[in-house]
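# Breakdown of the fold
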Amino acid sequence: MTYKKNGRKLDDDFWKTKKLSISVGEVSIGRPKQELDEPMGPTPKPSVTDLRSWDFKLLKRYPPFYAPFCDMCCFCTYGKCDLLGKKGACGITAEAQQARTVLLASCIGTAAHAGHGRHMLHHVIKEKGKDFPVDMGKNIEIEAPIIRTVIGKKPVTVGDLDESLSYVEEQLSHLLSACHTGQEGNALDFESKALHAGMMDDLAREVADITQIVAYDMPRGDGDEPLVELGLGTVDKDKPVVLCIGHNVAPGAEILDYIEDNDLYEDVEVCGICCTAIDITRYNQAAKVIGPLSKQMKFIRSGVSDVIVVDEQCVRTDVLEEAKRNGAVVIATTDKMCLGLPDKTKEDTELVINELVNGNIDGALILEPKKVGKVAVEVAKKIAKRRKSLKCLPDISEIPKLAKECTECGWCVRVCPNNRPIMDAVTAAAKGDLKKLADLYEYDMCYTCGRCEEECERNLPLVSFITKAGDHLVKNQKFKIRAGRGPVQDVEIRKVGGPIVLGDIPGVVAFVGCSNYPNGGIEIAKMAEELLKRRYIVVATGCSAMSIGEYIDEDGLTLYEKYDGVFDASGLANIGSCVSNAHISGACIKIANIFAKKPLSGNFEEVADYILNRVGACGVAWGAFSQKAAAIASGFNRWGVPAVLGPHSSKYRRLYLGRIDKEDMWDINDLRSGETVKGEPAPEHLLYAAETMEEALVSTVKMCIRPNDTPKGRQLKLSHYIDLYKKYFGEIPPDLELFVRNERDIPITYKKDVMDDLTSKNWTPREAPKEPSLLGRK
Amino acid sequence: MDGNRTTPWQPTVIAGPKYGMLVTPAIAKMMLKKAKNPLFVIGSLIKDDEGLISQCKEIVETWNLPVAATGNIYKSLTENGIKSKRYGTIEIVNLLKDPEWKGINGEGQHDLVLFIGVTYYLASQGLSSLKHFAPHLKTVTLCKYFHSNADASFPNMSDSEWTNYLEKMSKI
């Protein structure tokens, strides 16, 4: 069997197209210009403080909410300072310390994406030259909306991307330096800097994804990308198996190239976990997606993979120790994660293969992607046969015997981040009932952090228990996920920009973030399904995109099989990996440019204000846990896109909350009339953590409401809000008077109920602003 | 569990030198008696436990407490005859931080807040927020597990002991 790399394609009946016109464009000698045909706005390449006034507008409306993890500051050699009701020895307060922690987290996340982007760009320039064109395909003229807006230029070649990345790196230095003891001291200024870090993260992600799209010819947003295989059952463990984990496609792509060049598709399995899994399937459909981050330890413990190739970000740092348990080999491939392994980059490939096969070394650091491709595949081929007996967990009959050793101390539950009932499952297993252990496996209810094992006073291999007990449920599971499509095309924006801005499409909801969900991955799929049925545009990336794919609906289909991958009402678009999140904010920016003709160059504030007030988009990060997710959220927030998070995200220590009881907070400028008018909490919060899926879903549809909605659009949005509120809370929402501006906004099906409610509250109508804005009139 | 009565249920939530006070129902009731405008926050963890909801109802009625329902428990409370207002945990904590907030019944900021049934790690974060930024109120948790970020908390308990404690709370 042969697989094709995903490439651009023309329809089969292309030649039957009527009135076909073909343009070869302008024939010119020399390099196309980077300058855009529009005036330069006020903030090209903004410094750390250039957008401070915008940030403060956001922070006035959505003041930071702090929930400290720790009462103390442990930063400097004064020693620990208790900040509970006191200042630290350097003068810092608890609020500022929390804000500083968030800034640090955002800087770390941004550095991870920027580091990935830098590796990628460096590799591509080395392989293809700096003049390799940034060609995003026939339907994408705005190739890099974030770069255009923030830098004020359009990248023509991959060499041009370097300017954006250098700017990110410079700004990161400034931001990180502000975290030093005895520098920034004001919580709001730390917040402004965190938002700036988020914007740098957005830029870095856009650079990284554009680079890999053009270099590896990944899909350019067609919307009909192929369905690729997902799930543990897709891997044939009788073959040599190479598992890629992390977030850098370069080594994975070289593995697939080696397989193609040597005609090994039938002989070797290549699969992935986390973002690399998504990205290698964007490159070559032969690769298989095991699943999100939470599959990591379970899959390694299962022993199926012969060679584990790790690149960067979100990889278990004990991956080598885990691999050694069942004789698998680890290859580290970036400077971010060397794992103490010997550097074999410059050594003869055959010698390295022999050393790994013979067990002279447990793994190797190989910083040359092409070399990784050969070594990984050849080692897997050579050791797979001898590992055959290791490609499974210990016999299931051993679990009850071992489980009887449990002393029922309960500490496995107490240290579990999710309070999973591990002890109950173990005690049931001791009596021969393995169902409770198996239940922990399904939908990644347990995300295999391994804290329980670390705590167990009898050293019971609890993750292996769960893995083995659940193995029979999942080992044959095969799902479909749509390959990551990358950006939203300009033609799609032309079609849906108006309906989104005017409210005729109820909203765009982006499921992003990590897989530490409060109740397993099923909740994220259920939320997506509910919104798809209601004709929201649903987009997804990374672990969330995979979790959505692991759900089969009542018709026996995955949501990717049931819904198209287009950016349109009831479309479910897998945008790609974490770096592809840039295309979601990019789509919002494109709406401002294509639909409203807002110039982008150096014009951040006007574009963000437009998005905040008009584009009904909301992010849902039901399981965000990483610093990257913190940076991504900060980036979205600065553009004016709110996000609903899962309860674990309260541990980010900071949220941005509005107050519906404070009417003055929602005053808004009508740029058309020049007046300040009464507004509404739309969106109510900028960053909010919900306790349950039901609360999250209601909050999400509510946060798609925008001041610019037309009466028809507002009716539609309120209809979904009321529907879901009634479904989950049993009555109509208590705050409708805030969102019903006049009778034209009331959904027809709820007219009587809503009018009765409004009348009881002495509601009076008001007119909607024509051009709502947080900015002053120019 | 006896040896760990004042170790937080999730031991890693220990935040610093200040620790919540372990209380019995008798002390919690004394705090309630002293309070001028208490509030009861009921979280979604007890949504499907009719016995617990019934015990909460008795506490509400005994002390005439206004109730904030978090997560998705609002409907269950209504169906079981407990009048409440719905808030997200984060939302109600945010409002409790503000000394100027008018309270859930418009009678001014609360001075004592009882919590039960909020997801442990989320409650811990909310209590931390109130510990730092709401010096105008006291927090008490009636949960089965010890919360070190509260001002006062029941200890880690077995189910039967907890039931006993909650029964005592509904007797003045």
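Calculation rules
Residues numbered from 1 in each chain as written. Chains lettered and ligands numbered in written order. Predicted model: local features only at pLDDT ≥ 70, side-chain atom pairs only at ≥ 80, totals over all residues. Heavy atoms only, no water. UniProt positions renumbered as here; feature names shortened; annotations may be inferred. Salt bridge = Lys/Arg side-chain N within 4 Å of Asp/Glu carboxyl O. Helix = DSSP H or I, 4+ residues; strand = E, 2+ residues; numbered from the N terminus. Buried < 20%, exposed > 50% of the residue type's maximum accessible area, 1.4 Å probe, protein only. Axes fitted to C-alpha atoms, helices over the stretch in contact; angles between N-to-C directions. Parallel < 35°, antiparallel > 145°, perpendicular 65-115°, else oblique. Contact = heavy atoms within 4.5 Å. Nonpolar A, V, L, I, M, F, W, Y, C, P; charged D, E, K, R; others polar. Core = buried A, V, L, I, M, F, W, Y, C linked by side-chain atoms within 4.5 Å. Polar contact = N/O pair within 3.5 Å; in protein donor to acceptor, adjacent residues only side chain to side chain. Buried area = accessible area lost by both parts, 1.4 Å probe.

With an unreviewed UniProt entry as reference, chain B is termed Acetyl-CoA decarbonylase/synthase complex subunit epsilon, source organism Methanococcus maripaludis. Chain B has a UniProt comment under Sequence similarities (unreviewed entry) that states "Belongs to the CdhB family."

Under the annotation held in an unreviewed UniProt entry, chain A carries the name Acetyl-CoA decarbonylase/synthase complex subunit alpha and is attributed to Methanococcus maripaludis. Taken verbatim from the UniProt record of chain A, the Catalytic activity (unreviewed entry) comment is "CO + 2 oxidized [2Fe-2S]-[ferredoxin] + H2O = 2 reduced [2Fe-2S]-[ferredoxin] + CO2 + 2 H(+)". We quote the UniProt Sequence similarities (unreviewed entry) comment for chain A here in full: "Belongs to the Ni-containing carbon monoxide dehydrogenase family."

### Considering the pattern of salt bridges
Between side chains of opposite charge, a pair can form when the charged atoms approach closely. Residue and element names in this part refer to chain A. For the coordinates displayed, the defined rule picks out 65 salt bridges over all chains. In this structure, Glu-163 engages Lys-45 in a salt bridge whose closest nitrogen and oxygen atoms are separated by 3.0 Å. Here Glu-163, found in helix H4 (residues 158-177), pairs with Lys-45, found in the segment before helix H1 (52-61); they are 118 residues apart in sequence, far enough to count as distant. The exposure class of Glu-163 is partly exposed, given its relative accessible area of 23%. A relative accessible area of 34% means that Lys-45 is categorised as partly exposed. For Arg-282, the salt bridge goes to Asp-209, with nearest N and O atoms at 2.9 Å. Placement of the pair is Arg-282 in helix H7 (residues 275-283) and Asp-209 in helix H5 (residues 187-216), with a sequence separation of 73 residues. Of the residues examined, Arg-282 reaches a relative accessible area of 0% and is grouped as buried. On the accessibility criterion, Asp-209 (0% relative accessible area) is buried. Salt bridges sharing common partners tie together Glu-680, Asp-709, Arg-714, Lys-717 and Arg-766.

### Focus: the packing of helix H4 (residues 89-97) of chain B against helix H5 (residues 120-133) of chain B
Residues and elements named next belong to chain B. For the pair H4 and H5, interaxial distance at closest approach is 10 Å and the crossing angle is 10 degrees. As judged from the angle between their axes, H4 and H5 are roughly parallel. Here Thr-89, Ile-90, Val-93, Leu-96 and Lys-97 of H4 come into contact with H5, specifically with Leu-122, Gly-126, Ser-129, Leu-130 and Phe-133. Grouping the amino acids of the contact of H4 with H5 by side-chain chemistry returns 6 nonpolar, 3 polar and 1 charged.

### Re the nonpolar core
Ranked by internal contacts, the top residues of the largest apolar core, which has 320 residues, are Phe-511 of chain A together with Phe-40 of chain B. For Phe-511 of chain A, the residues in contact, after removing those within four places along its chain, are Ile-524, Met-527, Ala-528, Leu-531, Val-538, Val-539, Ala-540, Thr-541, Ser-544, Ile-548 and Val-620 of chain A.

### Re helix H14 (residues 422-430) of chain A
Residues and elements named next belong to chain A. Most of H14 is tucked away: 8 of the 9 residues are buried. Residues Ile-422, Met-423, Ala-425, Val-426, Thr-427, Ala-428, Ala-429 and Ala-430 constitute the buried set of H14. On its buried face, H14 is in contact with helix H12 (398-403), helix H13 (411-415), helix H15 (435-441), helix H16 (451-455) and helix H17 (462-474). Phi for Gly-432, located one or two positions after H14, is positive at around 95 degrees.

### Some details on the environment of Glu-561 of chain A
Residue and element names in this part refer to chain A. Structurally, Glu-561 is set in helix H21 (residues 559-562). Judged by its relative accessible area of 36%, Glu-561 is partly exposed. In sequence terms Glu-561 and Arg-482 are 79 residues apart; their C-alpha atoms lie 8.2 Å from each other. Engagement of the side chain of Glu-561 in a polar contact is seen with the backbone nitrogen of Thr-558, the distance being 2.9 Å.

### Some remarks on the environment of Val-615 of chain A
All names here are of chain A. For Val-615, the location among the structural elements is in the loop between helix H23 (604-614) and strand E15 (617-621). Between the alpha carbons of Val-615 and Pro-499 there is a distance of 9.8 Å; along the sequence they are 116 residues apart. Sequence-distant contacts of Val-615, that is, excluding residues within four places in its chain, are made with Ile-500, Cys-588, Ile-591, Tyr-610 and Arg-706.

### As for the UniProt feature "binding site: [4Fe-4S] cluster 4" (unreviewed entry) in chain A
Per the UniProt record, the feature "binding site: [4Fe-4S] cluster 4" (unreviewed entry) sits at Cys-416, Cys-446, Cys-449 and Cys-452 of chain A. Spanning 37 residues, the annotated positions come together in the fold, the maximum distance between their C-alpha atoms being 10.6 Å. Following the sequence through the fold, Cys-416 of chain A ends up in the loop between H13 and H14. Other than its neighbours up to four places away in sequence, Cys-416 of chain A contacts Ile-422 of chain A together with Gln-10 of chain B.

### Notes on the interface of chain B and chain A
Between chain B and chain A, the residue contacts involve 42 residues of the former and 48 residues of the latter. For the pair chain B and chain A, the summed buried surface comes to about 3700 Å²; carbon and sulfur atoms form 54% of the total. When the area that chain B buries against chain A is broken down by residue, the three leading residues are Ile-90, Tyr-121 and Gln-125 of chain B, summing to 19%. A salt bridge links Arg-659 of chain A to Asp-98 of chain B; its shortest N-O distance comes to 3.0 Å. Viewed at the interface, chain A and chain B are joined by 25 residue pairs in polar contact (both at pLDDT 80 or more). Elements that contribute at least two residues to the side of chain B that touches chain A include exactly helix H3 (74-79), H4 and H5 of chain B.

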